[in-house]
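Summary of structural features
Listed here are the chains, written in short residue letters.
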Amino acid sequence: MDHFLYRDGALFAEDVAISEIAAAVGTPFYVYSTATLLRHFRAFDEALEGMDHLVCYAMKANSNQAVLRTLAQAGAGMDVVSGGEYRRARAAGVPGDRIVFSGVGKTRDEIRLALEGGIRQFNVESEPEMAILDAVAQELRVVAPITVRVNPDVDAKTHAKIATGKSENKFGIPIARARDVYNMAADMPGLDVIGIDVHIGSQLTDLAPYEQAYQKVAELTEVLRADGHTITRLDLGGGLGIPYERSNVDPPLPSDYGALVKRTLGHLGCEIEIEPGRLIAGNAGLMVSEVIYVKSGEGRDFLILDGAMNDLIRPAMYEAHHDIIPVIEPAPGIEPQPIDIVGPVCESGDTFAKQRPMPPLAAGDLVAFRSAGAYGAVMSSEYNSRPLIPEVLVKDDQFAVIRPRPTFDEMINRDTIPAWL
Ligand SMILES: *Cc1c(COP(=O)(O)O)cnc(C)c1O
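Presented here is a report on the structure given in the accompanying data block.

Turning to the nonpolar core, a few remarks are in order. Counting residues in each nonpolar core, the largest one holds 99 residues, and the members touching the most others are Tyr57, Phe122, Ile146, Tyr214, Leu234, Leu236 and Tyr257. Considering every element that reaches this core, the biggest residue donor is helix H8 (residues 208-226), with 7 residues. The contacts of tyrosine 57, once residues within four sequence positions are left out, are Asn62, Val67, Leu68, Leu71, Gly77, Met78, Asp79, Pro276, Gly277, Ile280 and Ala281. Residues Leu11, Ala13, Val25 and Phe29 belong to the second largest nonpolar core, which totals 18 residues.

Turning next to the packing of helix H5 (residues 108-117) against helix H6 (residues 127-139). Where H5 contacts H6, the axes come no closer than 10 Å and their chain directions differ by 50 degrees. As far as their axial angle goes, H6 and H5 are oblique. Considering only the axes of H5 and H6, their crossing is right-handed. On H6, the residues touching Arg108, Ile111, Arg112 and Leu115 of H5 are Ile132, Leu133, Val136, Ala137 and Glu139. Grouping the constituent residues of the contact of H5 with H6 by class yields 6 nonpolar, no polar and 3 charged.

Moving on: the pattern of salt bridges. For the structure on display, the rule yields 19 salt bridges. In this structure, the salt-bridge partner of aspartate 2 is arginine 370, at a minimum N-O distance of 2.9 Å. Residue aspartate 2 is found in the segment before strand E1 (4-7), and its partner arginine 370 is found in the loop between strand E19 (366-369) and strand E20 (391-395); the two are separated by 368 residues along the sequence. In this structure, aspartate 2 and arginine 370 share a single accessibility class: buried. Residues arginine 233 and glutamate 271 are paired through a salt bridge, measuring 3.2 Å at the closest nitrogen-oxygen approach. Of this pair, arginine 233 sits in strand E12 (residues 233-235) while glutamate 271 sits in strand E13 (residues 271-274), and the two are 38 residues apart along the sequence. Assigned by exposure class, arginine 233 and glutamate 271 land together as buried. When salt bridges with common partners are traced through the structure, they connect Arg108, Asp109, Arg112 and Glu139 into a single cluster.

Counted by the stated rule, this structure contains 1 cavity of 30 Å³ or more. In this structure, the largest cavity encloses a volume near 30 Å³. Forming the boundary of the largest cavity are Phe44, Tyr210, Gly237, Gly238, Gly239, Leu240, Tyr257, Ile274 and Pro276.

Next up on the list: the layout of surface pockets. Roughly 600 Å³ of volume is contained in the largest pocket. Along the walls of the largest pocket sit 31 residues, with Lys60, Thr164, Phe171, His199 and Tyr375 positioned nearest its centre. Put simply, the parts of the chain that give the lining of the largest pocket at least two residues each are helix H10 (278-281) and helix H11 (314-318). Residues of the lining of the largest pocket, tallied by class, amount to 12 nonpolar, 9 polar and 10 charged.

It is worth spelling out a nonpolar patch on the surface at this point. Together, Ile417, Trp420 and Leu421 give the surface a local cluster of nonpolar side chains, amounting to about 480 Å² of exposed area. Looking at where tryptophan 420 falls in the secondary structure, it is placed in the segment after helix H12 (408-412).

With that settled, consider the pairing of strand E17 (residues 337-342). Two strands pair when backbone bridges link them, and strand E15 (residues 301-305) and E17 are joined in this way by 3 bridges, in the parallel orientation. Bridging from a neighbouring strand, isoleucine 304 pairs with valine 342 of E17. The sheet contact formed by E17 and strand E18 (residues 351-358) spans 5 bridges and is antiparallel. Of the residues in E18, the one forming a bridge with valine 342 is threonine 351.

Bringing H6 into the picture now. Between its first and last C-alpha atoms H6 spans 19 Å; for 13 residues at 1.5 Å apiece the expected length is 18 Å, and the two agree. Within the sequence span of H6, burial applies to Glu129, Met130, Leu133, Asp134, Val136 and Ala137. Lining the buried residues of H6 we find H5, strand E8 (121-124), strand E9 (144-151), helix H7 (178-186) and strand E11 (191-197). Here H6 starts with a cap whose side-chain oxygen sits 3.2 Å from the backbone nitrogen of glutamate 129, and that cap is serine 126. Taken from the residues just after H6, arginine 141 is the one with a positive phi, measuring 55 degrees.

Before going further, it helps to spend a moment on the packing of aromatic side chains. Under the definition given, this model contains 7 aromatic pairs. Judged by centre distance (5.9 Å) and plane angle (20 degrees), the ring pair of phenylalanine 101 and phenylalanine 122 falls under stacked. Of this pair, phenylalanine 101 sits in strand E7 (residues 99-101) while phenylalanine 122 sits in strand E8; the two residues are 21 residues apart in sequence, bridging distant segments of the chain. Neither residue differs from the other here; phenylalanine 101 and phenylalanine 122 are each classed as buried. A connected cluster of aromatic rings, assembled from ring pairs, spans Phe44, Tyr210, Tyr214 and Tyr257.

What counts, and at which threshold
- Residues numbered from 1 in each chain as written.
- Predicted model: local features only at pLDDT ≥ 70, side-chain atom pairs only at ≥ 80, totals over all residues.
- Heavy atoms only, no water.
- Core = buried A, V, L, I, M, F, W, Y, C linked by side-chain atoms within 4.5 Å.
- Buried < 20%, exposed > 50% of the residue type's maximum accessible area, 1.4 Å probe, protein only.
- Helix = DSSP H or I, 4+ residues; strand = E, 2+ residues; numbered from the N terminus.
- Contact = heavy atoms within 4.5 Å.
- Axes fitted to C-alpha atoms, helices over the stretch in contact; angles between N-to-C directions.
- Parallel < 35°, antiparallel > 145°, perpendicular 65-115°, else oblique.
- Left-handed = near helix turned anticlockwise from the far one by under 90°.
- Nonpolar A, V, L, I, M, F, W, Y, C, P; charged D, E, K, R; others polar.
- Salt bridge = Lys/Arg side-chain N within 4 Å of Asp/Glu carboxyl O.
- 1 Å grid on protein atoms, 1.4 Å probe; cavity = no way out; pocket = protein on both sides within 12 Å on 5 of 7 lines; lining within 4 Å.
- Points joined across faces, edges and corners; volume = space filled by probe spheres on them.
- Patch = residues over 30% accessible without salt bridge, like charges linked within 9 Å, V, L, I, M, F, W, Y side chains within 5 Å.
- Areas by Shrake-Rupley, 256 points an atom, 1.4 Å probe, with all protein chains shown as cover.
- Pairing = 2+ DSSP bridges.
- Expected span 1.5 Å × (residues − 1).
- Polar contact = N/O pair within 3.5 Å; in protein donor to acceptor, adjacent residues only side chain to side chain.
- Phe/Tyr/Trp six-rings, centres within 6.5 Å; stacked < 30°, edge-to-face > 60°.

Have a look at this one:
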């Protein structure tokens with residue numbers, strides 16, 4: 001559930017009319033709901049109640065400072081995948097001991113940054129990374145707490161670009177090699193091995209792959225303990241999917257997921273970390289765009305919007321579906337007609353939906369892309385010299401711009417001209 005609902009025929013974000021925000025900031029823009037962010041965070045937090053746990057929001061889904069602070073104030077930790085994200089988390093007020101560092105390509109500089117600034121743990125993804133981490137920690141005369149990310153070789157049954165838990169993916173260490181790698185880590189004085197990490201993919205709509213992966217983690221925990229390692233923390237990754245299409249089957253709820261975690265891993269007495277991103281931020285955001293033209297083509301019509309693939313790349317990149325709804329609710333009894341919904345960018349891939357049934361719309365009307373709060377603004381670019389679109393946060397009847405739209409001068413003057421020109 002989210003807090004974007006029609007009231008008397010007009011779409012609202014909590015208690016603020018979308019049209020009011022559009023008038024204030026111009027289109028296109030992203031808008032996020034505080035109540036929805038918090039509701040989703042708490043759903044995970046409550047799902048793990050009774051187990052020692054920390055929900056580490058995967059901030060790559062949406063790393064705006066205001067979003068991070070909202071979640072951090074509610075008690076969330078953060079899962080970061082770069083030095084930039086680490087800095088953003090700290091700037092939003094998250095203490096180092098609530099930050100987990102994931103990612104396959106951590107550099108020496110990023111490792112040093114986190115070791116000096118404070119870190120809950122590194123999720124190590126390869127033997128060479130382990131060696132570098134050990135070396136940097138020894139240089140700094142500290143000990144780095146680590147888990148090893150194991151690749152359990154399960155099929156997450158999701159889009160190929162966001163599946164991470166098959167042996168062919170670049171992520172983690174093959175689970176079959178785990179015992180050797182843990183023995184190697186135990187001999188490194190700069191490392192303190194505390195647990196196991198696993199993350200099998202994103203937008204999972206079925207719990208079965210989690211069940212398979214977590215059973216393997218449970219078995220591995222027993223094996224590693226028998227080998228003499230102290231395993232006290234299990235990081236279970238993120239990836240629970242959201243219902244991008246309202247009309248489709250609903251993915252499992254955080255409460256179902258929590259019950260699965262307790263059933264498969266509860267007996268081990270470990271502290272549990274989870275790293276949800278999409279399920280916290282996805283349905284907490286809309287992208288709002290204005291119709292520029294309605295164009296008649298050969299056998300099909302096009303709704304040309306002022307938002308484009310550079311603002312929301314998921315449809316172009318993952319063939320992703322976003323529900324697109326008019327900001328003014330259509331009158332009852334109006335028959336939707338199929339139409340292609342596109343942006344102005346000079347690529348045929350700049351198509352949000354083909355033959356999507358929509359009520360009649362005209363130039364100047366506003367539409368809202370649902371489920372755009374995760375992997376939306378963070379993946380945007382200025383392709384076609386379209387300035388990054390603003391982000392707005394709503395809380396009850398208040399709203400604030402949390403990232404302004406750059407001016408054209410700001411955009412252009414980021415480039416510099418060499419002396420010889
Ligand atoms: C992307 C990612 C997540 C979050 O995935 P969601 O599908 O957004 O929940 C969690 N952990 C790691 C290591 C990731 O790379």
